[in-house]
Amino acid sequence: MNKTCFYNARLVDANTDTLGMLLVAEGKIAAVLLGEFSAESAKSLAENFFADQETDVAINFIDCNGMILQPAFIDLHAHFRYPGQGQKEELTTALAAAAAGGFGTLVLMPNTIPAISSKELVEQVCQDAHALGIADVIQSITLTKDYSGNDTSHLQQLSAFVDGTPPSAGQVAMATEDGKDVESSSTMLEAMKICGQKNITVACHSEDMTLAAAARPFRKVATDIFTAHAPQSQEALGVIPAATDSGNPEIKKALASLEKANKLLSLAEDIATDRNIRLAHQAGCHIHLSHVSTAGAMEAIRAAKAKGYRVSCEITPHHLGLSVADNDPSLRHIVNPPLRSEQDRQSMIQALLDGTADCISTDHAPHTAQDKDNGAPGFSGLETAYGVCNSVLVQGIQGAASGKTLTASQLSQLMAANPARLLKLHQGAEPRGLLQPGFMADLTLCNPTAQWTVCGQNFASKGKYTPLEGKSLTGKVLATYHRGQEVFKSE
């Protein structure tokens with residue numbers, strides 16, 4: 001039996017923020033002891049606690065040096081590009097990035113090659129990840145078969161999700177058409193009805209496809225201009241080209257086109273959010289709104305919750321930490337949904353402060369440097385998530401205009417306890433998200449005041465691009481433990 005004692009720790013979860021020590025056995029939390037313990041007293045207590053165990057296995061003692069020890073983060077939205085897109089990311093690099101970011105459980109999007117449209121593929125991805133023993137993955141499935149937009153027959157073959165089922169069992173907990181929305185409202189309603197009957201959450205990439213299409217020509221104009229001025233070499237990632245000077249006529253044209261595109265895309269999210277909420281309520285299913293980014297969409301969610309609708313939502317770190325005003329117009333910063341206005345960013349922060357938003361998810365979307373040069377939307381986000389969220393929400397660095405902040409416990413709730421609850425993984429055989437006896441010992445050790453500079457080239461992910469390149473963040477993941485075993489340690 002593997003036994004570990006984490007002592008001299010600041011224990012933090014959704015309900016706790018106190019000094020103490022944690023005892024781990026067989027991959028689960030065996031005991032939580034509150035108070036200040038020296039190395040000697042920790043050793044004595046741990047040995048006494050495990051004295052009645054039949055096996056004589058040495059206890060591994062880990063001095064946390066007063067740092068935050070909290071449940072590993074749970075990400076409801078990540079792209080691992082597995083299978084089929086190894087040039088962007090491999091399963092090993094994605095899991096290494098997850099560990100470096102402090103994540104222990106992740107829901108993977110199905111827009112892979114082939115698309116994940118069968119339970120067999122869901123199970124295969126989960127099994128492949130489980131074999132590596134770094135983090136748990138829960139593979140989502142497409143809402144329409146192979147992203148056809150009109151065929152929901154594959155959903156009929158799924159078995160009902162069982163509360164508390166371990167992710168490695170390959171149970172389908174979430175269906176999503178992420179990457180785009182289901183254009184047909186009747187098809188979406190049909191998919192939602194099936195998922196509602198099978199206790200499967202429907203996660204929505206809310207975007208009116210006709211408005212998205214209308215925005216495409218304007219984005220192409222900007223893309224073509226920015227491509228001509230963007231740095232082409234891998235070494236130049238994050239460098240702002242001199243040609244992005246706002247006085248350059250071509251750049252002015254690109255910015256104007258990008259503004260038109262983003263206005264249409266903002267409207268697209270607002271309209272689709274309202275539609276999807278209404279359809280889900282009619283279908284009787286739980287809807288989870290992915291990567292919410294506009295004030296209008298958040299108001300629709302707030303109103304739906306006030307009516308008692310089964311609605312939850314997530315916000316990404318980049319929509320919390322960045323706005324259009326903060327960024328150069330480099331093509332590489334393109335993401336879907338786009339970075340929004342400062343007013344929208346403040347609305348996202350407020351939604352977390354007042355409890356309207358349920359959790360924080362990364363939308364980790366790695367690309368090759370060439371893909372980014374060609375306008376691929378998205379970027380790596382696992383390894384900067386804690387730093388951004390801690391900086392903005394807890395430390396108040398470029399945070400809420402009101403000056404209000406969250407506590408470390410509240411941040412843990414948004415990044416661990418709430419996602420666990422939404423996935424029904426707060427109970428059952430392998431509960432997670434809190435520091436409680438019987439819960440999985442998926443843990444992350446963090447220094448909430450450490451300052452560090454983002455450098456994409458140091459990412460474990462194959463996707464080296466980040467809009468945060470060169471920026472200083474406060475809050476660093478020092479180590480991550482999967483079932484009590486170290487899977488990452490900061491250099």
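Residues numbered from 1 in each chain as written. Predicted model: local features only at pLDDT ≥ 70, side-chain atom pairs only at ≥ 80, totals over all residues. Heavy atoms only, no water.

Participant: I tried to follow unusual backbone geometry on my own but got confused; where do I start?
Facilitator: Negative phi characterises most residues that are not glycine, and trans characterises most peptide bonds. Across the junction of I113 and P114, the peptide omega takes the value 0 degrees, indicating a cis bond. In this fold, P114 is placed in the loop between β7 (103-108) and α3 (119-132). Residues N336 and P337 are joined by a peptide bond in cis, for which omega reads 0 degrees. Structurally, the position occupied by P337 is in the loop between α8 (317-321) and α9 (342-353). Non-glycine residue E26 carries a positive phi angle of around 55 degrees. Secondary-structure assignment places E26 in the loop between β2 (16-25) and β3 (28-34). Its relative accessible area of 56% is what places E26 among the exposed residues. The phi torsion at D146 lies on the positive side, around 55 degrees, for a residue other than glycine. Inspection of the secondary structure assignment puts D146 in the loop between β8 (136-139) and β9 (174-176). (Helix = DSSP H or I, 4+ residues; strand = E, 2+ residues; numbered from the N terminus. Buried < 20%, exposed > 50% of the residue type's maximum accessible area, 1.4 Å probe, protein only.)

Participant: How should I be thinking about the packing of helix α11 (residues 385-394) against helix α12 (residues 408-422) in this particular structure?
Facilitator: Packed helices, taken two at a time, are described by the angle their axes make and the gap between the axes. It is the contact of α11 with α12, at a shortest axis distance of 11 Å, that shows an interaxial angle of 135 degrees. Between α11 and α12, the angle is such that the two are oblique. Of the two possible hands of crossing, α11 and α12 adopt the one that is right-handed. Touching A385, Y386, C389, N390, L393 and V394 of α11 are A408, L411 and M415, all from α12. Grouping the constituent residues of the contact of α11 with α12 by class yields eight nonpolar, one polar and no charged. (Axes fitted to C-alpha atoms, helices over the stretch in contact; angles between N-to-C directions. Parallel < 35°, antiparallel > 145°, perpendicular 65-115°, else oblique. Left-handed = near helix turned anticlockwise from the far one by under 90°. Contact = heavy atoms within 4.5 Å. Nonpolar A, V, L, I, M, F, W, Y, C, P; charged D, E, K, R; others polar.)

Participant: How should the pattern of salt bridges be read in this particular structure?
Facilitator: When the charged atoms of two side chains lie near each other, side chains of opposite charge can form a pair. This structure, assessed with the given rule, holds 18 salt bridges. A salt bridge links R432 to E430; its shortest N-O distance comes to 3.4 Å. Through salt bridges with shared partners, one network takes in D136, E430, R432, D442 and R483. (Salt bridge = Lys/Arg side-chain N within 4 Å of Asp/Glu carboxyl O.)

Participant: When you look at the nonpolar core in this model, what are you seeing that I'm missing?
Facilitator: One recurring pattern in soluble globular proteins is that nonpolar side chains are buried together. Of all hydrophobic cores here, the largest spans 84 residues; its most connected members are F80, M192 and L393. A per-element tally of this core places α11 first, with seven residues. Filtering out sequence-adjacent residues up to four positions away, F80 remains in contact with E89, L91, A94, L95, L106, L108, V137 and L382. (Core = buried A, V, L, I, M, F, W, Y, C linked by side-chain atoms within 4.5 Å.)

Participant: So what exactly am I meant to see when it comes to the packing of aromatic side chains here?
Facilitator: Two aromatic rings are characterised by how far apart their centres lie and by the angle between their planes. Tallied over the full model, the rule gives five aromatic pairs. Measuring from ring centre to ring centre gives 5.2 Å for F49 and F50, while their planes differ by 85 degrees; the resulting arrangement is edge-to-face. Taking the relative accessible area as the measure of exposure, F49 reaches 36% and is therefore partly exposed. Three or more aromatic residues link up through ring pairs in this structure, and these residues are F73, F103 and Y386. Geometry around W452 places K476 over its ring, the cationic atom sitting 4.7 Å from the centre. (Phe/Tyr/Trp six-rings, centres within 6.5 Å; stacked < 30°, edge-to-face > 60°. Lys NZ or Arg CZ within 6 Å of the ring centre and 35° of its normal.)

From the geometry alone we can't say anything about function, so treat these as descriptive.
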